[in-house]
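Spelled out, the chains give:
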Amino acid sequence: MRYIRGFGRFWWDFIIGDDWRVAAGIALALALTKLLTSNGTNAWWLLPAAVAVLLVATVRRGARDPLTTTQEPTPGSETSGDGA
Amino acid sequence: MTSTVILFLAVFAASAVEAVEALTIVLAVGVTRAWRSTLWGVAAATLVLAAVVAALGPALKTIPIDTLRLVVGALLLVFGMQWLRKAILRASGYVGLHDEEAAFERSRAQASAAGEERRAGMDWYSFTVAFKGVLLEGLEVAFIVVTFGATEGHLGVAIVAAAAAAALVVVVGVAVRGPLARVPENTLKYAVGVLLTSFGTFWGAEGAGVEWPGADAAILGVVGLVALLSLTVTWLFRRRRAHALRPSAGAA
């Protein structure tokens, strides 16, 4: 059980990283884009706008509490996919 | 042609950054403990990474292009924004800059303090740390190689870019016999974050059915937009931090 949890934790850290809200926001923005294009609106502007909002929000959260940002890792222990 | 060049640059820069960090770990363990076991660890991790690329690269080609672009775009966006977030927080002073010299010394201290575990002529601490370091740093590169390569149909270009960057870092590392502390890592990470986020936006939107104004040339506009946005956010947060650190700001 410990290994399964560790395995899941690794992939969560690797893909989602420090701020899950970014991943959720991107999923929502892509779903909205798909919905709009399916209804005939070429919503090319939606994703760049979402990126702008999400980037400002995630940096603000990181600045408010820098400890939530992955710090310098122990050698070989880094898992998050953020090139830390 | 333009997107192939950007693809090469993105993979090269990402691979260079990760290779610098992996080199620091490998050098620290190799110098402190046992080179033979460390290099076996590096070889084993490289083999695993090659197998990941060899297995996933062709497998992704079987997925319909729109679905592939949607999924890859979403993943690249999540990855890219993580890179950007941290690069911006570092550039604006909220998080400390990555210091290869300090990382090297930490690794050396840990390698020295670790107990001896020698079986079958191998120092398993050296093997494990080198294997884990190279695998974890390389996994991101493998992911970027596979997704960029499969989506653009240039897996070969992506592999060459990653291998060239890793080879360059190793050659320079051997030449200077130490961690590459002078590589402008945060600048490279910033650039990689901008490129991953841009490609993620471009492909994700295309996968969702969008037709970009200007077709493929729109990628240049997206890169410019994301770069401008990131620089503006960095500037704003640097000012905010400078203001917060002013003595009068605390007293107010």
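Residues numbered from 1 in each chain as written. Chains lettered and ligands numbered in written order. Predicted model: local features only at pLDDT ≥ 70, side-chain atom pairs only at ≥ 80, totals over all residues.

Caption draft 1: Examining the overall build of chain B more closely. Scanning chain B from terminus to terminus reveals nine helices and two strands. Each helix (α) and strand (β) of chain B, taken in turn from the N terminus, gives the series α-α-α-α-β-β-α-α-α-α-α. Along the first, second and third principal axes, the C-alpha set of chain B runs to 60 × 60 × 25 Å. A buried classification covers 50% of the 252 residues belonging to chain B. (Helix = DSSP H or I, 4+ residues; strand = E, 2+ residues; numbered from the N terminus. Buried ≥ 20, exposed ≤ 12 C-beta atoms within 10 Å, placed from the backbone.)

Caption draft 2: Spatial organisation of the interface of chain A and chain B. Contact with chain A, which involves 40 residues of that partner, is made by 49 residues of chain B. Looking at the side of chain A that touches chain B, the elements with two or more residues in it are α2 (20-38) and α3 (46-64) of chain A. Top element by residues in the side of chain A that touches chain B is α3 of chain A. It accounts for eleven residues. Residues of the side of chain A that touches chain B, tallied by class, amount to 21 nonpolar, 13 polar and six charged. (Contact = placed C-beta atoms within 7 Å. Nonpolar A, V, L, I, M, F, W, Y, C, P; charged D, E, K, R; others polar.)

Caption draft 3: Just the packing of α2 of chain A against helix α3 (residues 65-91) of chain B, in detail. Here α2 of chain A crosses α3 of chain B at 145°, and the two axes come no closer than 10 Å. The handedness of the crossing between α2 of chain A and α3 of chain B comes out as right-handed. Where α2 of chain A approaches α3 of chain B, its residues V22, A23, I26, A27 and L30 of chain A are matched on the opposing element by L70, A74, L77, V78 and M81 of chain B. Per-class residue counts for the contact of α2 of chain A with α3 of chain B are ten nonpolar, no polar and no charged. (Axes fitted to C-alpha atoms, helices over the stretch in contact; angles between N-to-C directions. Left-handed = near helix turned anticlockwise from the far one by under 90°.)

Caption draft 4: Spatial organisation of helix α1 (residues 2-15) of chain A. All names here are of chain A. Compared with an ideal rise of 1.5 Å per residue, which puts 14 residues at 20 Å, α1 spans 20 Å between its outermost C-alpha atoms and is within 8% of the ideal. Burial analysis of α1 places just zero of its 14 residues in the buried class, which makes it a mostly uncovered element. Note on α1: the residue one or two positions beyond its end, G17, has a positive phi of about 75°. (Expected span 1.5 Å × (residues − 1).)

Caption draft 5: Spatial organisation of the nonpolar core. Ranked by internal contacts, the top residues of the largest apolar core, which has 98 residues, are A10, V11 and V145 of chain B. The element contributing the most residues to this core is helix α1 (residues 2-32) of chain B, with 17 residues. (Core = buried A, V, L, I, M, F, W, Y, C linked by C-beta atoms within 7 Å.)

Caption draft 6: Summary view of the confidence of the model for chain A. Residue and element names in this part refer to chain A. Per-residue confidence for chain A gives a mean pLDDT of 80; residues scoring 70 or more make up 77%. In the model of chain A, α1 stands out as the element of lowest mean pLDDT, 80, in contrast to α2, which has the highest, 94. A low-confidence stretch, residues 72-81 (pLDDT under 50), is modelled with 35 contacts involving residues beyond four sequence positions or located in other chains. (pLDDT = per-residue confidence, 0-100.)

Caption draft 7: Just the environment of R90 of chain B, in detail. All names here are of chain B. Within the secondary structure layout, R90 lies in helix α3. The spacing of R90 and Y190 is 100 residues in sequence and 9.7 Å in space, taken between C-alpha atoms. The contacts of R90, once residues within four sequence positions are left out, are V95, L97 and N186.

Caption draft 8: Broad picture of the packing of α3 of chain A against helix α8 (residues 218-245) of chain B. Relative to each other, α3 of chain A and α8 of chain B sit at 25°, their axes nearing to 11 Å. Looking at the two axes, α3 of chain A sits roughly parallel to α8 of chain B. When the axes of α3 of chain A and α8 of chain B are compared, the crossing they make is right-handed. In this structure, α3 of chain A uses P48, V51, A52, L55, V56, V59 and A63 of chain A to contact α8 of chain B, whose residues at the interface are V222, L225, V226, L229, V233 and F237 of chain B. When grouped by side-chain class, the residues that make up the contact of α3 of chain A with α8 of chain B number 13 nonpolar, no polar and no charged. (Parallel < 35°, antiparallel > 145°, perpendicular 65-115°, else oblique.)

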